[in-house]
Each structure stands twice: as structure tokens, then as C-alpha cells.
Amino acid sequence: IVMTQTPLSLPVTVGQPASISCKSSQSLVHSDGNTYLSWLQQRPGQPPRLLIYEISKEFSEVPDRFSGSGAGTEFTLKISRVETEDVGVYYCMQATQFPITFGQGTRLEIK
Amino acid sequence: QVQLVESGGGVVQPARFLRLSCDTSGFTFRSHAMHWVRQTPGRGLEWLAVISHDENKRYHADSVNGRFTISRDNSKNRLYLQMAGLRPEDSAVYYCVRAPSGLAAVDFWGPGTLVTVTS
């Protein structure tokens, strides 16, 4: 399954919202009824960190300004008000079907 | 808290063998499936393999199938990745990653270990 993210670069002013799109080449609905679409954040020099799983469920200790939505083949990560600590690369990831695949990444920077 | 720490990376010549380890703590290792994922600047994040909590199921990416083998030792809370026939394109940061439940999905990531394949 090919995961395609847009945009690849996202300059945002602190305090403003941001949105990243992710589209999959086929439906991510698993036979068990779940949709295994996650969003990861990778800050500079750090490993990826899980933000959102199963489209919209927030992982532990993730600020509530992060939210996920979507269904089927189209998904969105939204940051309600960007903070300086949000700088990094964001990846969508599907685990509905092996091999697990990732989007190319969206680099968020502060204007 | 959940901790994953990879080791075993380094500089290795092409066609050689290397074994990565991942020491875990802070959770019941034998209850979770585990993954290996690697990352390069050029190819981004690439999933490599997953092993079920009881070792009964293992899946490897086509790109490494037959060369890399995932395994685990539940008595030592440790995950392994045996890599044979290494190629320059296997140079990457290798991450150990926990599956929250079942085989699908991931949650906690280790800091990674760097493997460089060069003559």
C-alpha cells in the first residue's frame, strides 16, 4: 500500500493551525473492522514518536492540539495551534496490511 | 516506563553479518509483538520485520527476506535482528518498535542504532 502525503513542506506561524493530508492507494479498513492508520512525529535528532493511532485516537501524553480524522483512503492530521516544539517531520503509517508502509514525511517549520 | 534500547550497530563490510539487539524494560515483553524499522535520508522509514509475542508468527519485508531474520528471547526481554549478506543500501538507522496489541500497528520506538555498510 502506497502512502502519499501532502504537502511535503509546511511553513507555519506559531499559534496558527496546520493540516497534513495522507492518502493510501487502497482502503485501510482491516478485516477486523479497524483502520490501522497512525501519525508519527519525528523531532530533529530524535526517533519517531506515535501521536495518533487508528485514525483519531490520541496516544498517551500527546497534547490535545493534535487530532486525526478521515476514513477509507483519505486521512488528515491537524494541529490546532502550532507551537515551536512541533517543528519536525510528520509521517502517516498504515499497518492494515503487511508490509507496513509510511508516507514520505511532511516537514513542519516555523515561519 | 517503556524503554527500548538498540545495540550492535557499527561499520561493517559488504557481504558481512551483523546482529542487532534490543533490550526492553518497563512492560511485559512476552505479551507484545515487536518490529524492526529502519530509516535512511533517501528512502525514509522502511518497515523490515515483525515477530509475534510467542514467536509463532514472523513476517519480513521482501527487500530483506532471506537475508534478515527477526527473533526474540522472552527470558531475556530481548529482540534481535540477524542481518546477513549486508549491502551498502542497508546502511541506515535501525529502530526496535513495540506493537501495542496483535501484530498490527506500533507505539513505542527505541532511539535507534546506526549501521554503515562500506568497504
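The residue count restarts for each chain, going from 1 along the sequence in the order it is written. Whichever chain is written first becomes A and whichever ligand is written first becomes 1, with later ones labelled in order. Local features in this predicted model are restricted to residues of pLDDT 70 or higher, and side-chain atom pairs are both shown and tallied only at a pLDDT of 80 or more, whereas totals for entire chains, interfaces and linings draw on every residue. Hydrogens are left out, water is left out, and the side-chain values use all remaining heavy atoms of the structure.

Draft legend 1. Highlighting the overall build of chain A. Put simply, DSSP H or I for four residues or longer makes a helix, DSSP E for two residues or longer makes a strand, and each gets a number counted from the N terminus. Helices and strands together make up the secondary structure of chain A, namely zero helices and 11 strands. Seen in sequence order, chain A has helices and strands lined up from the N terminus as β-β-β-β-β-β-β-β-β-β-β. Each of the three principal axes of chain A carries a C-alpha extent, and together these read 40 × 25 × 25 Å. Whether a residue is buried, partly exposed or exposed follows from its accessible area with a 1.4 Å probe, protein chains only, as a fraction of its type maximum: under 20%, in between, or over 50%, in that order. Within chain A, the proportion of its 111 residues that are buried is 45%.

Draft legend 2. Geometry of the interface of chain B and chain A. Should any heavy atoms of two residues lie within 4.5 Å, those residues are considered in contact. Across the boundary between the two partners, chain B contributes 18 residues, which contact 15 residues of chain A. Between chain B and chain A, the buried area comes to about 1,400 Å², and carbon and sulfur atoms account for 78% of it. The three residues of chain B that bury the most area against chain A are Leu45(B), Trp47(B) and Trp109(B), which together make up 38% of that side's buried surface. The salt bridge definition used is simple: a Lys or Arg side-chain nitrogen within 4 Å of an Asp or Glu carboxyl oxygen. Inspection of the chain B/chain A interface yields zero salt bridges. Whenever a nitrogen or oxygen atom comes within 3.5 Å of another N or O atom, the pair is scored as a polar contact, on the condition that within protein one atom can donate a hydrogen and the other can accept it, and that pairs from neighbouring residues in sequence are kept only if both atoms are in side chains. Between chain B and chain A we count three residue pairs in polar contact (both at pLDDT 80 or more) in total. Residues that form the side of chain B that touches chain A fall into these classes: 13 nonpolar, three polar and two charged. The term buried area refers to how much accessible surface (probe radius 1.4 Å) is lost by two components on association, counted for both of them together. Basically, the charged four are Asp, Glu, Lys and Arg, the nonpolar ten are Ala, Val, Leu, Ile, Met, Phe, Trp, Tyr, Cys and Pro, and anything else, Gly included, counts as polar.

Draft legend 3. Fine view of the nonpolar core. What we call a nonpolar core is a set of buried Ala, Val, Leu, Ile, Met, Phe, Trp, Tyr and Cys residues that are connected through their side-chain atoms within 4.5 Å. Counting 70 residues, the largest nonpolar core has Trp36(B) and Tyr94(B) as its most contacted members. The leading source of residues in this core is strand β5 (residues 44-51) of chain B, at six residues.

Draft legend 4. Main features of the packing of aromatic side chains. Only centres within 6.5 Å qualify two rings of Phe, Tyr or Trp (six-membered ring in Trp) as a pair; their planes then separate them into stacked at under 30 degrees, edge-to-face at over 60, and tilted for everything else. The full count for this structure, using the stated rule, is seven aromatic pairs over all chains. Ring-pair connections join several aromatic residues into one group, and the members of that group are Phe98(A), Trp47(B) and Tyr59(B). Throughout this description, the term charge over a ring refers to an Arg CZ or Lys NZ atom that lies within 6 Å of the ring centre and within 35 degrees of the ring normal. Residue placement shows Arg72(B) over the ring face of Phe29(B); its charged tip is 4.1 Å from the ring centre.

Draft legend 5. Region of the structure containing the environment of Gln82(B). All names here are of chain B. Checked against the element boundaries, Gln82 lands in strand β8 (residues 78-83). Gln82 sits in the partly exposed class, given a relative accessible area of 30%. Along the primary structure Gln82 and Ser71 are separated by 11 residues, whereas in three dimensions their C-alpha atoms are 8.0 Å apart. Not counting the four nearest positions on each side in its chain, Gln82 is found in contact with Phe17, Leu18, Arg19, Arg67, Phe68, Thr69 and Ser71.

Draft legend 6. Representation of unusual backbone geometry. Note the cis peptide between Thr6(A) and Pro7(A), where omega equals -10°. Inspection of the secondary structure assignment puts Pro7(A) in the loop between β1 (3-6) and β2 (9-12). Between Phe98(A) and the following residue, Pro99(A), the backbone shows a cis peptide bond with an omega angle of 0°. Checked against the element boundaries, Pro99(A) lands in the loop between β9 (88-94) and β10 (101-102). Residue Glu54(A) is not a glycine yet carries a positive backbone phi of 45°. Mapping Glu54(A) onto the fold places it in the loop between β5 (49-53) and β6 (57-58). With phi around 70°, Glu55(B) is a residue other than glycine that occupies positive phi space. As for its placement among the helices and strands, Glu55(B) is situated in the loop between β5 and β6 (58-60).

Draft legend 7. Examining the sheet that holds β8(B) more closely. Residues and elements named next belong to chain B. Between any two strands, at least two bridges found by DSSP are needed for them to pair. The four strands are arranged β1-β3-β8-β7 in an open sheet whose pairing can be described as antiparallel. Of all strands in the sheet, those with a lone pairing partner are β1 (3-7) and β7 (68-73), marking the two edges. For this sheet, the mean inter-axis angle between neighbouring strands, taken without regard to orientation, is 20°. Summarising the sheet, β7 and β8 pair through six bridges and their orientation is antiparallel. Convention adopted: a line fitted to C-alpha atoms gives each axis, helices being fitted over their contacting stretch, and angles between N-to-C directions are expressed from 0 to 180 degrees.

Draft legend 8. Structural detail: the pattern of salt bridges. Residue and element names in this part refer to chain B. With the rule as written, the count across this model stands at 11 salt bridges over all chains. For Arg38, the salt bridge is made with Asp90, and the minimal N-O distance between the two is 2.9 Å. Of the two residues, Arg38 sits in strand β4 (residues 34-40) while Asp90 sits in the loop between β8 and β9 (92-98), which places them 52 residues apart along the sequence. Each of the two residues, Arg38 as well as Asp90, counts as buried. In this structure, the salt-bridge partner of Arg58 is Glu55, at a minimum N-O distance of 3.6 Å. A relative accessible area of 36% means that Arg58 is categorised as partly exposed. According to the relative accessible area criterion, Glu55 is partly exposed, its value standing at 31%. Connected through salt bridges with shared partners, the residues Arg38, Arg43, Glu46, Arg67 and Asp90 form a single ionic network.

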